[in-house]
Amino acid sequence: MRILDIKRQMKPDDIAIVRDLLRDAERADGHRPLSDHLWLDLVDGGREGFAGLVAWESDHDHPVAYAQISKGHDSFSVEIVVHPHHRYEMHLIGPELLEAVLHEVAVNGGGHVHWWVFEPTIGHEQVAQQFGLTPGRTLHQMRRSLPLSSSDASAKVAVRTFVKGQDEQAWLNVNNQAFALHPEQGGWDLATLTTRLSEPWFDASGFILHDIDETLAGFCWTKVHTDTDPVLGEIYVVAVDPKYRGQGLGKSMVVSGLMNMSDRGITTAMLYVDTNNEAAMSLYGDLGFRIHRTDRAFVGDVAAITPNTPQEAS
Ligand SMILES: CC(C)(COP(=O)(O)OP(=O)(O)OC[C@H]1O[C@@H](n2cnc3c(N)ncnc32)[C@H](O)[C@@H]1OP(=O)(O)O)[C@@H](O)C(=O)NCCC(=O)NCCS
């Protein structure tokens with residue numbers, strides 16, 4: 001018999017319990033289960049639109065699964081993690097959690113939902129279909145080895161590094177214009193950026209900017225994953241101000257970011273790209289990135305329902 005503990009706010013003890021589950025899943029799967037924005041929402045204790053669903057079984061001292069809802073600027077992201085020891089029950093736990101998650105979205109006003117699945121199987125597709133979700137965005141993780149060839153490296157451009165307390169607003173302007181339609185990367189505010197800048201992995205020397213006429217024109221923010229084998233240097237966010245697109249600056253920013261990582265001793269570069277982002281797919285393919293893994297969002301629209309218990313109304 002499973003018990004579902006639904007939390008709109010997470011206290012430090014709740015976060016520690018979920019962190020342990022995520023760590024066990026990471027050991028089994030070779031990657032951290034929650035994407036960055038969900039992880040930050042969790043450790044923040046839960047912003048508006050957050051819900052953490054912790055599934056327990058009576059004879060276990062650890063949760064058997066965790067699901068999280070985080071609200072983006074125009075949709076909800078959902079991820080579900082089943083403890084490695086309970087994967088044999090995934091066909092039961094998955095649908096139970098997804099049903100509960102969609103109910104939470106409904107009582108939170110409803111909206112568009114992305115259920116993100118790492119390397120989806122036919123089983124995930126069947127569960128999604130059962131709840132009216134259809135295959136939506138597909139995300140490739142791509143990799144290439146470093147260093148670059150000298151001909152690719154020749155596209156490097158003059159850069160400077162991000163300065164905290166000085167570059168935030170200019171960066172937000174370029175980021176939000178470049179990612180205007182992006183569900184997770186668009187619509188950032190100062191608080192969202194400040195949270196990322198305070199992360200333990202943040203290193204300003206890997207956050208490079210290019211100015212034109214003393215105004216920010218493009219950037220490449222890198223993130224080094226020291227806990228992976230091999231160490232991965234991620235092109236975390238890269239963008240060019242729309243008015244400078246198509247002039248070679250995007251390529252120059254990626255090349256400069258890759259060379260920045262090479263200079264720090266990194267030999268494997270990695271990035272995530274939406275398969276419908278034609279410009280980025282073509283740019284990365286030309287620079288020698290190859291698909292390493294594919295994740296997918298199952299999507300759908302959830303209608304609002306009126307809460308029917310005092311807890312749901314809170
Ligand atoms: C992706 C992005 C950085 C490219 O910047 P850009 O300055 O326009 O790109 P470049 O002029 O350097 O072009 C480099 C390559 O990208 C590809 N490319 C650029 N624009 C393209 C388009 N509209 N359609 C298809 N391919 C395109 C081409 O392969 C091009 O090489 P080519 O000129 O030899 O054909 C820019 O479009 C952007 O900021 N997009 C929004 C943010 C984003 O999606 N970032 C990537 C997230 S993974």
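Keep in mind it's a predicted model, so treat the numbers as computed, not measured.

### Re the layout of surface pockets
In this model, the second largest pocket occupies a volume close to 510 Å³. Around the second largest pocket sit 20 residues that line it, and Arg 47, Lys 71, Gly 72, His 73 and Thr 192 are the ones nearest its centre. Elements represented by at least two residues in the lining of the second largest pocket include exactly α2 (36-43), β3 (65-71) and α7 (190-197). Looking at the lining of the second largest pocket residue by residue, the classes come out as 3 nonpolar, 10 polar and 7 charged. Counting residues domain by domain, the lining of the second largest pocket receives three or more from each of domain 1 (2-138 + 297-313) and domain 2 (147-266).

### A short note on the site of the ligand
The environment of the ligand is formed by 20 residues, the closest being Gly 248, Gly 250, Lys 251, Asn 277 and Ser 282. Between a nitrogen atom of the ligand and a main-chain N or O atom of Val 238, the distance comes to 2.9 Å. Within the side chain of Arg 245, an N or O atom sits 3.4 Å from an oxygen atom of the ligand. Protein chains bury 69% of the 920 Å² of accessible surface belonging to the ligand in isolation. Breaking the shell around the ligand down by element, the ones donating at least two residues are β10 (232-240), α8 (249-263) and α9 (278-286). For the shell around the ligand, the element with the highest residue contribution is α9, accounting for 6 residues. When its residues are assigned to classes, the shell around the ligand shows 11 nonpolar, 6 polar and 3 charged.

### With respect to the environment of Arg 2
Along the chain, Arg 2 falls in strand β1 (residues 2-7). When the C-alpha positions of Arg 2 and Ser 58 are compared, they lie 7.0 Å apart, and in sequence the two are 56 residues distant. Beyond its immediate sequence surroundings of up to four residues, Arg 2 is in contact with Trp 56, Glu 57, Val 64, Glu 89, Leu 92, Ile 93 and Glu 96. A distance of 2.7 Å separates polar atoms of two side chains, one belonging to Arg 2 and the other to Glu 57.

### What about the side chain of Lys 223?
Relative to the helices and strands, Lys 223 resides in strand β9 (residues 215-225). When its relative accessible area of 7% is taken as the criterion, Lys 223 is described as buried. Only 3.1 Å separates the side chain of Lys 223 from the side chain of Asp 36, close enough to count as a polar contact. Sequence-distant contacts of Lys 223, defined by excluding residues within four places in its chain, comprise Asp 36, Trp 201, Leu 232, Gly 233, Glu 234 and Tyr 236.

### Brief notes about helix α3 (residues 90-107)
Turn by turn, an α-helix covers 3.6 residues, leaving residues three or four places apart pointing in a common direction. Its 18 residues place the ends of α3 25 Å apart at the C-alpha level, agreeing with the 26 Å of an ideal helix rising 1.5 Å per residue. Restricting attention to buried positions, one finds in α3 the residues Ile 93, Gly 94, Pro 95, Leu 97, Leu 98, Ala 100, Val 101, Leu 102, Glu 104, Val 105, Ala 106 and Val 107. Directly after α3, the chain includes Gly 109, whose backbone phi takes a positive value near 105°.

### Concerning the domain arrangement of the protein chain
What the domain assignment lists for the protein chain is domain 1 (2-138 + 297-313) and domain 2 (147-266). In this structure, domain 1 and domain 2 have C-alpha centres spaced 30 Å apart. The partner domain 2 presents 13 residues to the 13 residues of domain 1 that form the contact. Together, the buried faces of domain 1 and domain 2 total about 960 Å²; carbon and sulfur atoms form 44% of this surface. For domain 1, the biggest contributors to the area lost against domain 2 are Asp 36, Leu 40 and His 73; these three give 51% of the whole. Summed over the shared surface of domain 1 and domain 2, the number is 3 salt bridges. Residues Asp 36 and Arg 196 are paired through a salt bridge, measuring 3.8 Å at the closest nitrogen-oxygen approach. Of all elements in the fold, only α2 and β5 (111-118) reach the threshold of two or more residues within the side of domain 1 that touches domain 2. Top contributing element to the side of domain 1 that touches domain 2 by residue count: α2, with 4 residues.

### Focus on unusual backbone geometry
Phi is mostly negative for residues that are not glycine, and the peptide bonds are mostly trans. The omega torsion of the bond from Leu 146 to Pro 147 falls at 10°, within 30 degrees of zero and hence cis. Within the secondary structure, Pro 147 sits in the loop between β6 (134-145) and α5 (150-153). A cis amide bond, omega 5°, links Asp 229 with the succeeding residue Pro 230. Secondary-structure assignment places Pro 230 in the loop between β9 and β10. Residues other than glycine seldom take positive phi values, yet Glu 214 does so here, at roughly 65°. Mapped onto the elements of the fold, Glu 214 is located in the loop between β8 (207-212) and β9.

About the thresholds
Residues numbered from 1 in each chain as written. Predicted model: local features only at pLDDT ≥ 70, side-chain atom pairs only at ≥ 80, totals over all residues. Heavy atoms only, no water. 1 Å grid on protein atoms, 1.4 Å probe; cavity = no way out; pocket = protein on both sides within 12 Å on 5 of 7 lines; lining within 4 Å. Points joined across faces, edges and corners; volume = space filled by probe spheres on them. Helix = DSSP H or I, 4+ residues; strand = E, 2+ residues; numbered from the N terminus. Nonpolar A, V, L, I, M, F, W, Y, C, P; charged D, E, K, R; others polar. Domains from an automatic or database assignment. Near = heavy atom within 4 Å. Polar contact = N/O pair within 3.5 Å; in protein donor to acceptor, adjacent residues only side chain to side chain. Areas by Shrake-Rupley, 256 points an atom, 1.4 Å probe, with all protein chains shown as cover. Contact = heavy atoms within 4.5 Å. Buried < 20%, exposed > 50% of the residue type's maximum accessible area, 1.4 Å probe, protein only. Expected span 1.5 Å × (residues − 1). Buried area = accessible area lost by both parts, 1.4 Å probe. Salt bridge = Lys/Arg side-chain N within 4 Å of Asp/Glu carboxyl O.

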